[in-house]
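Okay, here's what each chain looks like letter by letter:
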Amino acid sequence: MRGFEFAELKAFAAVVERNSFARAAEHLGLSPSALSQTIRQLEGRLGTCLLNRTTRSVAPSASGELLYARIAPLFREMDAAVAEATEAAGHATGTLRINTLGIAARTIIAPRLSRFYEAYPDVVLDIVVDDALTDIVVGRFDAGIRVGGRLEKDMIAVRLTPDLNMVAVASPGYLAERGVPKAPADLHSHACINWRLQKDGRQYRWEFEKKGQKLEVAVNGPVVTNHADIGIAAALHGLGIAYHFERDGVAEHLAQGRLVQVLADWSISRPGLFLYYPNRQHRPALLGAFIDCLLDKDLEPERHTD
């Protein structure tokens, strides 16, 4: 394969993977016009349209899907080979694409970004915050982070946290005005902050359990959101009762009295957060380093002196 042919295919793959000429051009270090010209040359050489373009979006055509399906694994293998070679020389480079829930991005990844960068300054972390349970293989991610009970099949999973407690919370002012619910059924007479599931757009039915009795409650209220920060803010401002993971920014508000837990004896816990990746023969060394960082295994043990 001649050099310009390889460059054309690499450019095409970059556009498909980023669903954008602008983002692909930035990744490749090209101008958008130069990238468009490269794609036109490839389409002209192959005699077929590979990308369907509109003013707002770009997506592979049927021919483009077939071509990408054949070349993408080859590019991944080449990238992996280069990464292994540079790691063996003590100099890691490349891009690590992670698809993660918001709670993991905020509480696990963000606090460790600088430490990972200091150890691997030439590695690009491409982190997509996504609560929609995207298929990481289809989305061409190296790994994903999800709550344990919602992992994709045929994946290797690494636990990152203990189980996650869910808590129903409201502001002291709201409870003083509306009263404190004693049982999940009481929520029907309260304003509640709804959580919308991105995958299918449905609103989450609040789940409760007490002494083996399990309940699901459909609640109503003035706010529906798919973002924890919005739900917690609504509760803080007295708009209603919210139901969130305690770890995700709620514990601090409870400790400082800005929020009050209700229905504590009915609240449930969920399996913890897990990082997962496709069941390959060898885990990429760069992904292993990222996992070690998330688990704080990269920290040197404290030295004790007598």
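Residues numbered from 1 in each chain as written. Predicted model: local features only at pLDDT ≥ 70, side-chain atom pairs only at ≥ 80, totals over all residues. Heavy atoms only, no water.

Peer 1: Describe the pairing of strand β3 (residues 94-100), naming the residues involved and giving the relevant values.
Peer 2: By the criterion of burial, β3 is predominantly enclosed, with five of the seven residues buried. When β3 meets strand β4 (residues 123-129), the two strands line up parallel, connected through seven bridges. Its bridge partner being in β4, Asn99 is matched across the sheet by Val128. Relative to strand β5 (residues 143-147), β3 runs parallel, the two sharing three bridges. Looking across to β5, one finds that Thr100 is bridged to Ile145. (Buried < 20%, exposed > 50% of the residue type's maximum accessible area, 1.4 Å probe, protein only. Helix = DSSP H or I, 4+ residues; strand = E, 2+ residues; numbered from the N terminus. Pairing = 2+ DSSP bridges.)

Peer 1: Explain the packing of helix α8 (residues 228-236) against helix α9 (residues 246-255) to me, and be specific about the residues and the numbers.
Peer 2: One way to put it is that α8 packs onto α9 with a least axis distance of 10 Å and a crossing angle of 20°. Considered as vectors, α8 and α9 are oriented roughly parallel to each other. Helix-helix and strand crossings are classified by hand; for α8 and α9 the assignment is right-handed. Each of Ala228, Ile232 and Leu236 in α8 lies in contact with α9, whose residues at this interface are Asp248, Gly249, Val250 and His253. Residues that form the contact of α8 with α9 fall into these classes: four nonpolar, two polar and one charged. (Axes fitted to C-alpha atoms, helices over the stretch in contact; angles between N-to-C directions. Parallel < 35°, antiparallel > 145°, perpendicular 65-115°, else oblique. Left-handed = near helix turned anticlockwise from the far one by under 90°. Contact = heavy atoms within 4.5 Å. Nonpolar A, V, L, I, M, F, W, Y, C, P; charged D, E, K, R; others polar.)

Peer 1: Now, about the nonpolar core: what can you tell me, with residues and values included?
Peer 2: Ranked by size, the top nonpolar core spans 46 residues in total, and within it Ile145, Trp206, Ile241, Leu273 and Leu275 carry the most contacts. At seven residues, the largest contribution of residues to this core is made by helix α10 (residues 285-294). In this structure, Ala14, Phe21, Leu35 and Ala72 belong to the second largest nonpolar core, which totals 21 residues. (Core = buried A, V, L, I, M, F, W, Y, C linked by side-chain atoms within 4.5 Å.)

Peer 1: Hey, could you go over the pattern of salt bridges for me, with residue numbers and the actual values?
Peer 2: Scanning all chains against the criterion turns up 13 salt bridges. Ionic pairing is found between Arg97 and Asp126, a salt bridge with its closest N-O pair at 3.2 Å. Of the two residues, Arg97 is situated in strand β3 and Asp126 in strand β4; the sequence distance between them amounts to 29 residues. Given a relative accessible area of 15%, Arg97 falls into the buried group. Through salt bridges with shared partners, a single network forms among Glu5, Glu8 and Arg45. (Salt bridge = Lys/Arg side-chain N within 4 Å of Asp/Glu carboxyl O.)

Peer 1: Can you explain the packing of helix α1 (residues 3-18) against helix α3 (residues 32-46)? Please cite residues and give values.
Peer 2: The N-to-C vectors of α1 and α3 enclose an angle of 115°; their axes lie 9 Å apart at closest approach. Regarding the angle of α1 to α3, the classification is roughly perpendicular. In this structure, α1 crosses over α3, and the sense of that crossing is left-handed. On the side of α1, the interface is formed by Phe4, Glu5, Ala7, Glu8, Leu9, Ala11, Phe12 and Val15, while α3 contributes Leu35, Thr38, Ile39, Gln41, Leu42 and Arg45. Broken down by class, the residue content of the contact of α1 with α3 amounts to nine nonpolar, two polar and three charged.

Peer 1: Could you give an account of the side chain of Ser20, naming the residues involved and the relevant values?
Peer 2: Mapped onto the fold, Ser20 is located in the loop between α1 and α2 (21-28). Ignoring anything within four residues of it in the chain, the contact list for Ser20 reads Val15 and Val58.

Peer 1: Residue-level account of the packing of aromatic side chains, with values.
Peer 2: Enumeration according to the criterion identifies four aromatic pairs in this entry. Residues Phe116 and Tyr120 carry aromatic rings whose centres are separated by 5.0 Å and whose planes lie at 35° to one another, so their mutual orientation is tilted. Tyr120 sits in the partly exposed class, given a relative accessible area of 26%. Centroid distance Phe208 to Tyr243: 4.9 Å. Interplanar angle 20°. Geometry classified as stacked. (Phe/Tyr/Trp six-rings, centres within 6.5 Å; stacked < 30°, edge-to-face > 60°.)

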